[in-house]
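Structural features, examined
These are the residues of each chain, in order.
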Amino acid sequence: MSNDIRTGALVTGSGQGLGRSEALALAADGFGVVVNDVDGDKAAEVVEEIEAAGGRGVAFIGDCSDHDTAGEAVELAVATFGGIGAVVNNAGINRDRTMIKMPVEDWQAVTRMHLDSVFSVTQHACVHFKEQGDGGRVVNTTSVAGLLGNFGQSNYGAAKAGIVAFTIIVAEEMAKFGVTCNAIAPTARTRMTAALADAAKERGENPENLDDGFDFWTPANVAPFVGFLCSPDAGYISGKVFGVVGD
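Note that the structure is predicted; figures quoted are calculated from it, not measured.

Criteria and thresholds
Residues numbered from 1 in each chain as written. Predicted model: local features only at pLDDT ≥ 70, side-chain atom pairs only at ≥ 80, totals over all residues. Heavy atoms only, no water. Pairing = 2+ DSSP bridges. Helix = DSSP H or I, 4+ residues; strand = E, 2+ residues; numbered from the N terminus. Axes fitted to C-alpha atoms, helices over the stretch in contact; angles between N-to-C directions. Contact = heavy atoms within 4.5 Å. Expected span 1.5 Å × (residues − 1). Buried < 20%, exposed > 50% of the residue type's maximum accessible area, 1.4 Å probe, protein only. Patch = residues over 30% accessible without salt bridge, like charges linked within 9 Å, V, L, I, M, F, W, Y side chains within 5 Å. Areas by Shrake-Rupley, 256 points an atom, 1.4 Å probe, with all protein chains shown as cover. Salt bridge = Lys/Arg side-chain N within 4 Å of Asp/Glu carboxyl O. Lys, Arg positive; Asp, Glu negative; His and termini not counted. Charge placed at Lys NZ, Arg CZ, Asp CG, Glu CD. Core = buried A, V, L, I, M, F, W, Y, C linked by side-chain atoms within 4.5 Å.

Some details on the sheet that holds strand E6 (residues 179–187)
The strand order across the open sheet formed by 7 strands is E3-E2-E1-E4-E5-E6-E7, and the pairing between neighbours is parallel. In this open sheet, the two edge strands, each paired with only one partner strand, are strand E3 (56–61) and strand E7 (241–245). Between one strand axis and the next, the sheet turns through 20° on average, direction left out of account. Against the sheet, helix H3 (residues 67–81) makes contact with strand E1 (8–11), strand E2 (32–37), E3 and strand E4 (84–89), and its axis sits at roughly 155° relative to E3, the strand it touches most. Set on the sheet, helix H4 (residues 104–132) makes contact with E1, E4, strand E5 (136–141) and E6; between it and E4 the angle comes to about 165°.

This is the structure:
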């Protein structure tokens, strides 16, 4: 991956939360960013933020768990920015219920959103990485729920565990093309994790503002490491899972 590969990047689920911070970080690092979300207004707002800061961004509205939609998102990055250098698979949902009470629809919705979108985006991107011949970066999003388990999240945890295995295998398969594939298990305040952050705050754990004003839960703490994994400097790192939290 050459030092001038900062062409296009795709971040799924980047209209808010962690994905938004990742999109802003990649744009600041020189990538043209496809901001993907199912909410068009939120995606447009992030593009405006990117452009206001002097970066390049374009919105793509759609659910990348659909294989063809994922391909269109990747193609938009190539067409708009002259190529694609990185994808960050961030999009996700949760439908928490104990296993015995879980409707099959909740199982299928969660596993489809997490596993199908990661597969589809990564496959389409890796075809381009191979054709371009200058490598590429894939960053997936797993969770402690997938690494250690979490009560009431059999669907979410199973999907996130699957992403870990997928990450390791893609890293092996794409190494000869100069493509790295890693995963992060982040701790951050997002729409999906707001309840966890609130509960920790109530217990006096990891308060949002320490004496120096540091916000432990902001997604902005996670985004710089994702930017590093997408950079030329991270070419020696692949097939790894990183916990990213606070400072």
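Here's the deal with H3
In a regular helix each residue adds 1.5 Å, so 15 residues correspond to 21 Å; H3 covers 22 Å between its end C-alpha atoms and thus fits that length. Considered for burial, the residues of H3 that qualify are Thr69, Ala70, Gly71, Ala73, Val74, Ala77 and Phe81. Those residues of H3 that are buried lie in contact with E1, E2, E3, E4 and H4. In the stretch just after H3, Gly82 is the one whose phi turns positive, near 85°.

A short note on a negative patch on the surface
A grouping of Asp41, Glu45, Glu48 and Glu51 is seen on the molecular surface, where their side chains present a negatively charged patch. Here Glu51 lies in helix H2 (residues 40–52). Given a relative accessible area of 45%, Glu51 falls into the partly exposed group.

Examining the nonpolar core
Side chains that are nonpolar tend, in soluble globular proteins, to be buried together. One finds Leu26, Val33, Val35 and Cys230 to be the most contacted residues of the largest nonpolar core, which totals 24 residues. Going through the elements one at a time, E1, helix H1 (17–28), E2, H2, E4 and helix H8 (223–229) are the ones with two or more residues in this core. Val34, Val170, Val179 and Cys181 belong to the second-largest nonpolar core, a separate cluster that totals 22 residues.

This is a description of form; function is not addressed.
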